[in-house]
Amino acid sequence: MTMPPTDAAAAVAARLDDRRDRRTLLRGTAGIALGYGIGATLQATYVYSVYVTNWTVAPVSTRLLANVVAVTGLVGCLALIRAHRARTTTLMLGAVLVAAMVGASARFGTQIVLGVYEAPAASVRDAELFSGFLMGTISGLIGMWAMVSRRAMREQIRVATRDAVHIEVAVKALEQEEIRVRRAVAEGLHGTLQSKLVLVDARLASLLSRHGQDALDDESRTSVEWIRAELDAAREIDVREMSRLLYPDRLELGLVPALRALLGRIPASIATQLVVSDSVRVLDDPASGSLTLSERLLAVRVVEEGITNSLKHGPAGSVRVVLDTSDGLLHVGVENDGELYDPVSAGVASGTARLDTRLSLVGGRLELTPGSGRGAHLDAWLPLGTGAL
Ligand SMILES: Nc1ncnc2c1ncn2[C@@H]1O[C@H](COP(=O)(O)OP(=O)(O)OP(=O)(O)O)[C@@H](O)[C@H]1O
Ligand SMILES: [Mg+2]
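Residues numbered from 1 in each chain as written. Chains lettered and ligands numbered in written order. Predicted model: local features only at pLDDT ≥ 70, side-chain atom pairs only at ≥ 80, totals over all residues. Heavy atoms only, no water.

What to know about the pairing of strand S2 (residues 318-326)
Right, on to step 1. Bridge count for strand S1 (residues 271-276) against S2 is 6 bridges, and the pairing is parallel. Residue pairing across strands places Val275 opposite Val322, the latter belonging to S2.
Right, on to step 2. Summarising the sheet, S2 and strand S3 (residues 329-336) pair through 8 bridges and their orientation is antiparallel. Among the inter-strand pairings, Val321 is bridged to a residue of S3, identified as Val334. (Pairing = 2+ DSSP bridges. Helix = DSSP H or I, 4+ residues; strand = E, 2+ residues; numbered from the N terminus.)

Some details on helix H4 (residues 122-208)
Right, on to step 1. The terminal C-alpha atoms of H4, which comprises 87 residues, lie 126 Å apart, in line with the 129 Å expected from a rise of 1.5 Å per residue.
Right, on to step 2. In the structure, H4 departs most strongly from a straight axis at Gly188, where the bend amounts to approximately 30 degrees. (Expected span 1.5 Å × (residues − 1). Bend = angle between axes of the 7 residues up to and from the residue.)

Regarding the site of ligand 1
Right, on to step 1. Every one of the 16 residues lining ligand 1 counts as a neighbour, but Asn309, Lys312, His313, Ser350 and Thr352 are closest to it.
Right, on to step 2. At 2.8 Å from an oxygen atom of ligand 1 is found a side-chain nitrogen or oxygen belonging to His313.
Right, on to step 3. Separating an oxygen atom of ligand 1 from a backbone N or O atom of Gly347 is a distance of 3.0 Å.
Right, on to step 4. In the complex, the protein chains occlude 82% of the 600 Å² of accessible area that ligand 1 would expose alone.
Right, on to step 5. The leading source of residues in the shell around ligand 1 is helix H8 (residues 293-313), at 5 residues.
Right, on to step 6. Class assignment for the residues of the shell around ligand 1 results in 6 nonpolar, 8 polar and 2 charged. (Near = heavy atom within 4 Å. Polar contact = N/O pair within 3.5 Å; in protein donor to acceptor, adjacent residues only side chain to side chain. Areas by Shrake-Rupley, 256 points an atom, 1.4 Å probe, with all protein chains shown as cover. Nonpolar A, V, L, I, M, F, W, Y, C, P; charged D, E, K, R; others polar.)

Notes on the packing of helix H6 (residues 255-264) against H8
Right, on to step 1. Axis separation between H6 and H8 bottoms out at 10 Å; the angle between their running directions is 25 degrees. Overall, the two elements H6 and H8 adopt an arrangement that is roughly parallel. Classified by chirality, the crossing of H8 by H6 is right-handed. Two secondary-structure elements touch here, H6 through Leu255, Ala258, Leu259, Leu262 and Leu263 and H8 through Arg296, Ala299, Val300, Val303, Glu304 and Ile307.
Right, on to step 2. Looking at side-chain class alone, the contact of H6 with H8 contains 9 nonpolar, no polar and 2 charged residues. (Axes fitted to C-alpha atoms, helices over the stretch in contact; angles between N-to-C directions. Parallel < 35°, antiparallel > 145°, perpendicular 65-115°, else oblique. Left-handed = near helix turned anticlockwise from the far one by under 90°. Contact = heavy atoms within 4.5 Å.)

Some remarks on the side chain of Arg63
Right, on to step 1. Mapped onto the fold, Arg63 is located in helix H2 (residues 60-80).
Right, on to step 2. The exposure class of Arg63 is buried, given its relative accessible area of 4%.
Right, on to step 3. Sequence-distant contacts of Arg63, that is, excluding residues within four places in its chain, are made with Thr41, Ala44, Thr45, Trp55, Thr56, Ala58, Gln111, Val116, Tyr117 and Glu128. (Buried < 20%, exposed > 50% of the residue type's maximum accessible area, 1.4 Å probe, protein only.)

What to know about the domain arrangement of the chain
Right, on to step 1. In terms of domains, the chain is made up of domain 1 (13-169), domain 2 (171-246) and domain 3 (251-383).
Right, on to step 2. Taking the mean C-alpha position of each, domain 2 and domain 3 sit 31 Å from one another.
Right, on to step 3. Listed per partner, the contact involves 10 residues of domain 2 and 9 residues of domain 3.
Right, on to step 4. Note on domain 2 versus domain 3: buried area summed over both sides is about 880 Å², and carbon and sulfur give 51% of it.
Right, on to step 5. Broken down residue by residue, the surface that domain 2 buries against domain 3 is led by Glu175, Ile179 and Arg244, which jointly contribute 44%.
Right, on to step 6. Summed over the shared surface of domain 2 and domain 3, the result is 3 salt bridges.
Right, on to step 7. Taking the shortest distance from any N to any O, the salt bridge between Arg183 and Glu252 comes out at 3.5 Å.
Right, on to step 8. Across the contact surface, domain 2 and domain 3 share 3 residue pairs in polar contact (both at pLDDT 80 or more).
Right, on to step 9. For the side of domain 2 that touches domain 3, the secondary structure elements donating two or more residues are H4 and helix H5 (218-246). (Domains from an automatic or database assignment. Buried area = accessible area lost by both parts, 1.4 Å probe. Salt bridge = Lys/Arg side-chain N within 4 Å of Asp/Glu carboxyl O.)

Observations regarding the pattern of salt bridges
Right, on to step 1. Summed over all chains, the structure comprises 26 salt bridges.
Right, on to step 2. The salt bridge partner of Asp126 is Arg125, with a shortest N-O separation of 3.1 Å.
Right, on to step 3. Residue Glu175 is joined to Lys172 by a salt bridge in which the shortest nitrogen-to-oxygen separation is 3.4 Å. Taken together, the positions of Glu175 and Lys172, both in helix H4 and 3 residues apart, correspond to about one turn of that helix. The exposure classification of Glu175 matches that of Lys172, with both residues buried.
Right, on to step 4. A cluster of three or more residues bridged by salt bridges with shared partners is formed by Asp17, Arg20, Asp21, Arg151, Arg154 and Arg158.

Quick look at the coordination of the magnesium ion (ligand 2)
Ideal geometry at a metal centre: 109.5 degrees between donors when four sit tetrahedrally, and 90 or 180 degrees when six sit octahedrally.
Right, on to step 1. With distances of 2.0 to 2.2 Å, the protein atoms coordinating the magnesium ion (ligand 2) are Glu305 (OE) and Asn309 (OD1). Of this pair, Glu305 and Asn309 both sit in helix H8, 4 residues apart, roughly one helical turn.
Right, on to step 2. When its relative accessible area of 19% is taken as the criterion, Glu305 is described as buried.
Right, on to step 3. Given the relative accessible area of 17%, Asn309 is considered buried. (Donors = N, O, S within 2.8 Å, 3.2 Å for Na, K, Ca; no water.)

Examining the sheet that holds S1
Across a sheet, strands are paired by hydrogen bonds formed along the backbone, either parallel or antiparallel in direction.
Right, on to step 1. Strand order in this open sheet of 5 strands is S1-S2-S3-S5-S4, and the pairing throughout is mixed. This sheet does not close on itself; its edge strands, each paired only once, are S1 and strand S4 (365-370). Strand-to-strand, the axes of this sheet are offset by a mean angle of 15 degrees, without reference to chain direction.
Right, on to step 2. Of the strands in this sheet, S2, S3, S4 and strand S5 (376-383) touch H8, which is tilted by about 15 degrees from S3.
Right, on to step 3. Where helix H9 (residues 351-361) meets the sheet, it contacts S4 and S5, and its direction lies at approximately 145 degrees from that of S4.

Okay, here's the thing in structure tokens:
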């Protein structure tokens, strides 16, 4: 599970962000400015020299070098004043304008040093400086825009990741709480309520065993026997069944023992089969602890729904449960041989829809499909290792 960032981790992330901002700004600006520089070099050498009268002809390498120096001046200045740390538009614009001025001056200075112009007129100087400044400003602004966009994208990804972590933590906490409450209520029903019912039954039995004067008359005896039978049925069927529904028998021992206990309660007239792959046996070994309680509980719920549907909608003569794994997913399949499931005429999804929602919360899914010729297949895929309880 992803842990919340510590102060040290936050400091490392901030340093990384700073480096990323710097790289995006400088690379973006340099790329655009170089493009401009090459274009300007070709234009000055091969276009203006042909069409502009009195145009100063200089070798292409000289003009290219001047533009490269301009780009270096522009980018170097942005790096020096740490323009990537500017947070307001004014500061960003100011940094770009200063760097563009430096770049333009560096270019004009290089042109003079390399002899492109010997004694340039003021208009030539102004034109060179202005075009260099414009080129630097546009390049710097595009670099800034790229940096700000990437910064915003990074923040969006971070918020999305944080939300996902919160959801994951909340789901895990809910699962733990659900298991705790289920176990507590199941134990309460199975233990406390059942023992109270047993005590009441014992008291009634002692009433029935009275002899002599204290003995009950026939009518009272019949009533007490009826009460005992009803209490016994309530204890055996309602209380114990309810307790198992809340927290399946033998779940602590593993998924396979819990499913065996579940299948063992199906009437003997219905054939049952449990097919478990070797990979699931290894996972289900309580010593390995690979399959968490919540994963086991969810898998048992799928089988319970599959069995209930098989008996209710089938009705089935046999039920087959399959457990295997593939690509980090636990596959739970329930097949039956009842009436062929027809998705078109089937009722509105209820139990299966609830299970599907539950599975999707942990990244799993559920499918209800017709069997081959008869019955239905209920298949669930549950991601493994999403966190131990
Ligand atoms: N094993 C099956 N054989 C035939 N039809 C099935 C089978 N399982 C499900 N169906 C069909 O799919 C429908 C949806 O099943 P689902 O389990 O979602 O709801 P339900 O069983 O009707 O209600 P609930 O699960 O709340 O008791 C059912 O109404 C039924 O028509
Ligand atoms: Mg159902």
